[in-house]
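Survey of secondary and tertiary structure
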Amino acid sequence: MVRVDQGNQGVGAASELVVDDIADSHGHHSDRSKPDDGSGLTGGESGHPFERHWGRIRARMQVEVGEVEYRTWLRQIRLGEVEADEITLLLPTRFLRDWVRSQYGDRLSTLWHAEVPHIRRVELQLAAEEARERPAAADHAVPAGSAPVVVVASAGGVKPGHAAPPAEPGIARGELAAPLDPRFSFDSFVVGKPNEFAHACARRVAERPSSPGFNPLFLYGGVGLGKTHLMHAIGLELARGERTTTVAYMSAEKFMYRFIAAIRSQSTMEFKEQLRSVDVLMIDDLQFLIGKDNTQEEFFHTFNALVDAGKQIVVSADKSPSDLSGLEDRLRTRLGCGMVADLHATTFELRISILEAKAAASGVAVPPKVLEFLAHKITTNVRELEGALNRLIAHANLFGRPVTLEATQEVLHDILKAHDRRVTIEEIQRKVAEHWNIRLTDMSSARRARAVARPRQVAMFLAKQLTSRSLPEIGRKFGNRDHTTVMHAVSRVAELMERDTAFAEDVELLRRMLES
Ligand SMILES: Nc1ncnc2c1ncn2[C@@H]1O[C@H](COP(=O)(O)OP(=O)(O)OP(=O)(O)O)[C@@H](O)[C@H]1O
């Protein structure tokens, strides 16, 4: 049984949630809870009247200075006497006291004053006797090795007077930290029609977080289309700014496991406070929370607390809020309240631009023919496209040979074969016919009624997008039609998709079904 402490509001429900959610994600129950250690200590229960305030200040400091620095210098601080406008903080050694005083003294005073306005002075003292009398006043909250670290890039860096130089924004500061990848910047994100709206929204949030109408920002789209890239870009951009903005980025899965860890180490209050003290919270791959009802509940509360406090939330998922059917209704509703931006499947043009940018950055000359070939063959996922190009480049560097079409086919034969196998024209025809409720034979019939001709054109379009068949080959599969008919179908469907969003969504849905 997980111990439930009265002092930790909401932990009872949360404790059960942990076991439930582990069972959900692993398909069986596992009792990973820790037995009661009998210490009687729980988060926020030292008995000191200012313990809760101190908990919030500690969480804030942890976020600002990073986990390593926090543990080295600040974790051992205990609360001492409060007299009039002064609070005493106790440290176990003279060296620590002097160091904390010189490096963090001002910041601690500011935070104390902000938290408890009548406190104007912070006195740092050697703990001496007091330390023995009040052994674990503040330390139990974040046990070593199991601290639920919120990963933070502290834009604007560490405040003046702080000890170590700030960690590079987004670089992990503790063993649980989820770093922002410096490669995923706005500069390296190639913008095209399918992602321009999502990109513009991400830029806007990075420039002006918490703007009305943009909070939360919900980014969604298929696998490998740049959601994570855009989220990192927002974080990196904020980290470059002048203002002091704390950004926490984590996957929904990490969110759940950190929450579980916090419950096990009985530090949920600190976990919540850490989360709620950030300015921008970004949760990636939210669909992971489907079926994890209790973690959803926790996320919902965090979400509300942050939005109500004017903080920015950015969330990504593989579907739109309304299609995330396993999520609780009230969460879906709130997620859809801000800006919802779709990253559409890439077009040939965008894939070419991405390949060109990545090839140029690599410094290896890749002929346009090879880029075109790759953009035709690998249509689904930018990650795979990038992987294929990287392999070619590595090969060229290793053997000192130029990249040619022949070499490409040889080096990537396994990837290309897998892509050829992925979708057949017959499967496309079947799915499209089912979708519009027409007979499969109409895919090759001579009927020209729109109810039949339009689905047939869509099937041709998808055959061009999803297979590596040539136009004449596709034409043959559609009742021996000419390649110009296929060409016309492809451009007609692309044109209609631009104009008619409902139609575009239909085609997009079919594509996703065929690719999954
Ligand atoms: N428009 C783009 N410009 C440059 N690189 C891109 C673009 N879109 C995607 N990528 C690259 O493709 C790879 C996959 O992108 P990312 O991880 O952001 O996808 P995702 O949508 O989060 O996928 P998943 O659903 O798997 O989480 C990354 O290396 C990313 O840099």
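The rules behind these values
- Residues numbered from 1 in each chain as written.
- Predicted model: local features only at pLDDT ≥ 70, side-chain atom pairs only at ≥ 80, totals over all residues.
- Buried ≥ 20, exposed ≤ 12 C-beta atoms within 10 Å, placed from the backbone.
- Helix = DSSP H or I, 4+ residues; strand = E, 2+ residues; numbered from the N terminus.
- Pairing = 2+ DSSP bridges.
- Right-handed = clockwise from strand over helix to strand, strands pointing away.
- Axes fitted to C-alpha atoms, helices over the stretch in contact; angles between N-to-C directions.
- Core = buried A, V, L, I, M, F, W, Y, C linked by C-beta atoms within 7 Å.
- Domains from an automatic or database assignment.
- Contact = placed C-beta atoms within 7 Å.
- UniProt positions renumbered as here; feature names shortened; annotations may be inferred.
- Near = placed C-beta within 6 Å.
- Nonpolar A, V, L, I, M, F, W, Y, C, P; charged D, E, K, R; others polar.

1. Brief notes about the pairing of strand 6 (residues 246-251)
Side chains on a regular strand alternate between the two faces of the sheet. Within strand 6, 5 of the 6 residues are buried, which leaves it mostly tucked inside the rest of the structure. In the sheet, strand 6 pairs with strand 7 (residues 280-284) via 5 bridges, with the strands oriented parallel. The partner of Y249 across the bridge, within strand 7, is M282.

2. Side note on the pairing of strand 8 (residues 312-317)
When you tally the buried positions in strand 8, you get 6 out of 6 residues, the bulk of the element. Here strand 8 shows no split at all, with Q312, V314 and S316 on one side and I313, V315 and A317 on the other all buried. Summarising the sheet, strand 5 (residues 217-221) and strand 8 pair through 4 bridges and their orientation is parallel. Each residue of the ladder has a partner; that of L219, found in strand 8, is S316. Handedness of the β-α-β unit built from strand 7, helix 10 (residues 293-308) and strand 8 comes out right-handed.

3. Quick look at the sheet that holds strand 2 (residues 86-91)
The strand order 1-2-3 describes an open sheet built from 3 strands, whose pairing is mixed. With partners counted over all chains shown, the strands left at the sheet margins are strand 1 (78-83) and strand 3 (121-126), one partner each. If you compare each strand with its neighbour and ignore which way they point, the axes differ by 30 degrees on average. Of the strand pairs in this sheet, strand 1 and strand 2 are connected by 4 bridges, and their pairing is antiparallel. When the bridges of strand 2 are listed, V82 appears paired with I87.

4. A short note on the nonpolar core
One broad trend across soluble globular proteins is that nonpolar side chains are buried collectively. Membership of the largest hydrophobic core comes to 72 residues, with the highest contact counts inside it found for I234, L281, M282, V314 and L374. The biggest single contributor to this core is helix 8 (residues 252-264), with 8 residues. Each of domain 2 (152-343) and domain 3 (348-421) accounts for three or more of the residues forming this core. Setting aside residues up to four positions removed in sequence, L281 forms contacts with A248, L275, L306, K311 and I313.

5. Comments concerning the UniProt feature "binding site: ATP" (unreviewed entry) in the protein chain
Annotation from UniProt places "binding site: ATP" (unreviewed entry) at G224, G226, K227 and T228. If you trace the backbone, G224 turns up in the loop between strand 5 and helix 7 (227-240). With 18 C-beta atoms counted inside 10 Å, the residue G224 sits in the partly exposed group. Other than its neighbours up to four places away in sequence, G224 contacts N381, V382, R383 and E384. One can find T228 in helix 7. Other than its neighbours up to four places away in sequence, T228 contacts F184, D284 and S316.

6. Side note on the site of the ligand
In the vicinity of the ligand, 19 residues are found, and the nearest of them are G226, K227, T228, H229 and V382. Considered class by class, the residues forming the shell around the ligand number 7 nonpolar, 7 polar and 5 charged. Both domain 2 (152-343) and domain 3 (348-421) contribute no fewer than three residues apiece to the shell around the ligand.

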